[in-house]
Each structure stands twice: as C-alpha cells, then as structure tokens.
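Breakdown of the fold
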Amino acid sequence: MKIAVIGTGWVGLTTAAVFAYLGNEVMGYDINEKLVRQLQSGTVPFFEPYLEEFVRRELAARRLNFTTDPATALASAEVIFIAVGTPPTADGCAVDMSFVSCAAIAIGENLKPGKFRVVVNKSTVPVGSNGWVESFIHQGLEKQGNMGAVDFAVASNPEFLREGSAIADSLYPDRVVIGAVDERAMQTLTELYRPILEQDFTPPPSLPRPAGLKKVPLVKVNPVTAELIKYAANAFLATKISFINEIANICDLIGANVKDVALGIGLDHRIGCAFLNAGVGWGGSCFPKDLMALIREAEGYGYDAKLLKAVCEVNASQRLVVVRKLQEVLKTVRGKIIGILGLAFKPNTDDLRGAPSLDIIRRLVELGAVVRVCDPVAVQRCRENLRELPIHFCTNIHEAAEGADALVLVTEWQEFVTADWEEIFSVMRTPVVIDGRNALNKKFLEDLGFVYRGVGI
Ligand SMILES: NC(=O)c1ccc[n+]([C@@H]2O[C@H](COP(=O)([O-])OP(=O)(O)OC[C@H]3O[C@@H](n4cnc5c(N)ncnc54)[C@H](O)[C@@H]3O)[C@@H](O)[C@H]2O)c1
C-alpha cells in the first residue's frame, strides 16, 4: 500500500520504517526541515535501537522517503497516519492539540479527489478527537475548494510501542487496536496490518520473532473506545508502578522486602510480575501527560478520578525518595558531591521528557549539593534541558564517582549495573549508594563496604 506518515518522531518514524519493511511504499512528512534532511541521509537524530538500521535499509530499497512538502507526501497515499506530538500545554493542565489540528488542516488542503483514503490518528489524543480531526480536514478541503469531492474516513489506531524497544514492539505487538466506524477504513487497516496480525513476514535478522508468537489479536472497536483504550492502558501501567512504590514505602517502615512482595503477588496470574519494580517512579513523554489528560477528560463530565489523582500524587512524592534517603545517610547534602547515574526516564533511550532525574537534580541543587550527572546517551539532551543549573556533566560513572559522597542510580542502564564497583569504592570520599531502581546487588555492594539503600528493600 502507499502510505504517508505525518510527523516523523519516535512513533511516526518507527511506523514508517516498519510498514516500509513490510513491503509498503512510505513517505514520511515532517515540518522540521533539519530532521527531514537528516532522515533523507539515513541519520536518526535520537537514540532508538535498530531504528537507524531500518531507516537506512528502507531508504536504500526505495520503499521509504521523507519530505517537508505535504502535497508530495499525500499525492498517492491511500493511508495517512497522523503521528505528531500531543504534549501538555504550558500550564500542564491540558493537551496541546495544535500539532494535530495543523496536520489535519494540511491533509485537507492537499487531498485530491479520486480514490478513497483512510486518515489514521496514531497520536495519543483526548477521547472524541476522531470527529474533531475530521472537522479540521473539512476546513482544509474547504480552503482548496474541494469540500465534498474527496472520499475519506478517519480512524483511530493508538500506538503502544515503548521507547527503547520501538521496532520490536511494532513488529511483535501484544495487540493491534483499530477504531473505525467506516467499514472500508476498517478493512483497509486490517489488510495493512495483516502481516503483523498473521505474523507471516520474514523477521529481520537483528530482531527475531519471539518464540511462540503465532498471531497478534486485533481489537476492532469504535474510535472513542480506541482512544480510551490508549489512555486506560497507560493509566493502568502507571497505577501498577505507583502501587508497588506505595508498598515499597510501607516495606521500608516495617522491614519487609518489596522485591519479594512483588514476586509473591506477581506470580498470581491475575496480577502479573511486569511493572512491579519499585523505585523513583514513572516518567517519560506519555504517562504524565496521558494520566493528566484522562483526569481532565473525566472532570469534563463532572467525574472526579480520585484513584488516578492518587497515582500521580504517589509518583510525584516518590521521585524524591532518593533525596530523603541521601539525607538519612549523609544528614545534610549541602556541599556534598552527589553523582547521578542515569538521566533518561528509562534505559535504551535518550528521551528526557518527564524524567524523574530532572526533579531529583533540581531538588539536590536547591538543597546546596554539588551535582554530577552521567548517562550513556542522554547527556547532550540534559545540557539543553537544565542549562540554568550549575551541574557537572561526566562522561562515565568513574568520573562521577571520583571523590563523591554518594552515587544515586536513577536509570538502570546495564553499564551502571555491571560497573567495576570495587574500583568505584576505592575512589569515592564516602562510599554511599542510593539505588533508586533496586537494580544493583545489595549484598555484593555491602560486602565491598558500601552503605547501600534501595527502595523498600
Ligand atoms: N514516544 C512514545 O513512546 C509514544 C508511544 C505511544 C504513543 N505516543 C504518542 O504518539 C504521538 C507522537 O509522539 P512522539 O514521541 O513520536 O513525538 P515526537 O515529538 O518525537 O515527534 C513528533 C513529530 O511531529 C512533527 N510535527 C509536529 N507538527 C507537525 C505537522 N503539523 N506536520 C508534520 N509534522 C509535524 C514534529 O516535528 C516531530 O518530529 C504522541 O501523541 C504521543 O503521545 C508516543
């Protein structure tokens, strides 16, 4: 099929590369000229494993290309994905839908009469946005004088990929959700996703198909339900994390071990072990804004989403649990050298949006600590985000540890977990480790002589 993808960030670029890999002809369109130039030359300017390899291969195979011209992108497309950002507004209280409305107007201005087209909303949007997008497309069509002459339908196809495993999540998803009223739109999208649903494509050598994966379920619903599924999925995952963090705080008080509690409850099939890792809480580009959006959505109908609000409150306070632990051990942190290990909101990404590290660093600076930071890939983005703060950027854990009073693990990158802790012990001023992800070996570190504090262990 001929596909256009509007917005070539994490979601759009992954979608474009994966559908090209599956044999479709894909044109990525973005308003960011620099990004498009980089993509045209095969460079992906953010860190996502395998994505650059995919983009290069599909560019070479001429199944994938990029443009800043919406008319070129839409000229022959049968399916048009909207994958632009939906960040929170500046006051953090609503979803900024301006990128989606601009994309929808651009679609309306450039769609020409002829064949039937499906416009697919892949961006995470407030419930009811399907009809709203359609109205902006009509606005664009009206502008070009083609109102009524263009046959199209809008569908919702929420994205569940995780940064750090975006390609694998797209090739081997747990489910595909399609929300459409128009039967032709449902059929077109079912056909487009058929290789993924049937799992009958040849897997890329670098990302083999998970053992036992035979078929992927398709959830066919109406657009409003599809939109709510996305918000509900993120709200549930965030709830699981906040839940285990609350249990971890109780463990700390009563002397139980949250890792064992998580195992003990997670082995119950009704609960499951995933997303039960206690620590500094959730972040990222999606959970914070999506929970806020769902709470606002409910408020719009006069419903007070008390549970979801509590999930956010627990998370906000959990971010600073490592600062409280530092104060317990060091008493004052003023003037103390604290090394922050990990900046990205999780390993295998350089995305800092909503990262707990940012709140932790700001709080430590407020308290007068001398803050050093290191991360295998996110340091450059952190420099841009925290320009105003007097923090020291280190190239590796050893540089952060030299003469430090404490190290705080905030992102569980493998290279921190497997670092030479014996050598690190020998260069620190006071050997204190606060493990904000419960990822380090407590006994091993304590045997080396470290003062170790995890979260709920
Ligand atoms: N990042 C994730 O892990 C993830 C996962 C699932 C869903 N989502 C959702 O997917 C959507 C996209 O997220 P992302 O992380 O890929 O965002 P992103 O910020 O990485 O990328 C968005 C891209 O859209 C481009 N853009 C903005 N307005 C445009 C326009 N009018 N026309 C063309 N291009 C335009 C931007 O230049 C940017 O390159 C969001 O709604 C997000 O909530 C993200």
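Above: the structure in question.
Notes on the structure follow.

What counts, and where the lines are drawn
- Residues numbered from 1 in each chain as written.
- Predicted model: local features only at pLDDT ≥ 70, side-chain atom pairs only at ≥ 80, totals over all residues.
- Heavy atoms only, no water.
- Helix = DSSP H or I, 4+ residues; strand = E, 2+ residues; numbered from the N terminus.
- Buried < 20%, exposed > 50% of the residue type's maximum accessible area, 1.4 Å probe, protein only.
- Contact = heavy atoms within 4.5 Å.
- Polar contact = N/O pair within 3.5 Å; in protein donor to acceptor, adjacent residues only side chain to side chain.
- Pairing = 2+ DSSP bridges.
- Core = buried A, V, L, I, M, F, W, Y, C linked by side-chain atoms within 4.5 Å.
- Axes fitted to C-alpha atoms, helices over the stretch in contact; angles between N-to-C directions.
- Parallel < 35°, antiparallel > 145°, perpendicular 65-115°, else oblique.
- Left-handed = near helix turned anticlockwise from the far one by under 90°.
- Nonpolar A, V, L, I, M, F, W, Y, C, P; charged D, E, K, R; others polar.
- Near = heavy atom within 4 Å.
- Areas by Shrake-Rupley, 256 points an atom, 1.4 Å probe, with all protein chains shown as cover.
- Domains from an automatic or database assignment.

Moving on: the environment of Asp151. Mapped onto the secondary structure, Asp151 falls in the loop between helix 6 (129-143) and strand 6 (152-156). On the accessibility criterion, Asp151 (31% relative accessible area) is partly exposed. Each C-alpha atom of the pair Asp151 and Val118 lies 8.9 Å from the other, and the pair is 33 residues apart in sequence. Contact partners of Asp151, with chain neighbours within four places excluded, come to Lys115, Phe116, Arg117 and Arg184. Separated by 2.8 Å, the side chains of Asp151 and Arg184 make a polar contact.

A word on the pairing of strand 12 (residues 406-409). Neither face of strand 12 is exposed, since Ala406 and Val408 on one face and Leu407 and Leu409 on the opposite face are all buried. Bridge count for strand 12 against strand 13 (residues 432-435) is three bridges, and the pairing is parallel. Within strand 13, the residue paired with Val408 across the bridge is Ile434.

Right, let's talk about the nonpolar core for a bit. The biggest cluster of nonpolar side chains holds 47 residues, and the ones touching the most others in it are Val55, Phe81 and Leu171. With residues near it in sequence (within four places) discarded, Val55 still touches Leu13, Ala17, Leu39, Val44, Leu64 and Phe66.

Packing of helix 1 (residues 10-21) against helix 3 (residues 51-60) brings their axes to within 9 Å, and their N-to-C directions diverge by 50 degrees. Between helix 1 and helix 3, the angle is such that the two are oblique. In terms of crossing hand, the pair formed by helix 1 and helix 3 is left-handed. Seen from helix 1, the contacting residues are Leu13, Thr14, Ala17, Ala20 and Tyr21; seen from helix 3, they are Leu51, Phe54, Val55, Arg57 and Glu58. Its residues assigned to classes, the contact of helix 1 with helix 3 comprises seven nonpolar, one polar and two charged.

Take the site of the ligand next. Lining the immediate surroundings of the ligand are 27 residues, of which Val11, Asp30, Thr86, Glu163 and Lys289 lie closest. Measuring from an oxygen atom of the ligand, one finds a side-chain N or O atom of Asp30 at 2.6 Å. In this structure, Thr124 approaches the ligand through a main-chain N or O atom, which is 2.9 Å from an oxygen atom. Across the complex, the protein chains shield 88% of the 840 Å² of accessible surface that the ligand would expose by itself. Contributions of two or more residues to the shell around the ligand are made by helix 1 and helix 5 (98-110). Top element by residues in the shell around the ligand is helix 5. It accounts for three residues. Considered class by class, the residues forming the shell around the ligand number 13 nonpolar, eight polar and six charged. When residues of the shell around the ligand are sorted by domain, at least three fall in each of domain 1 (2-221) and domain 2 (230-317).

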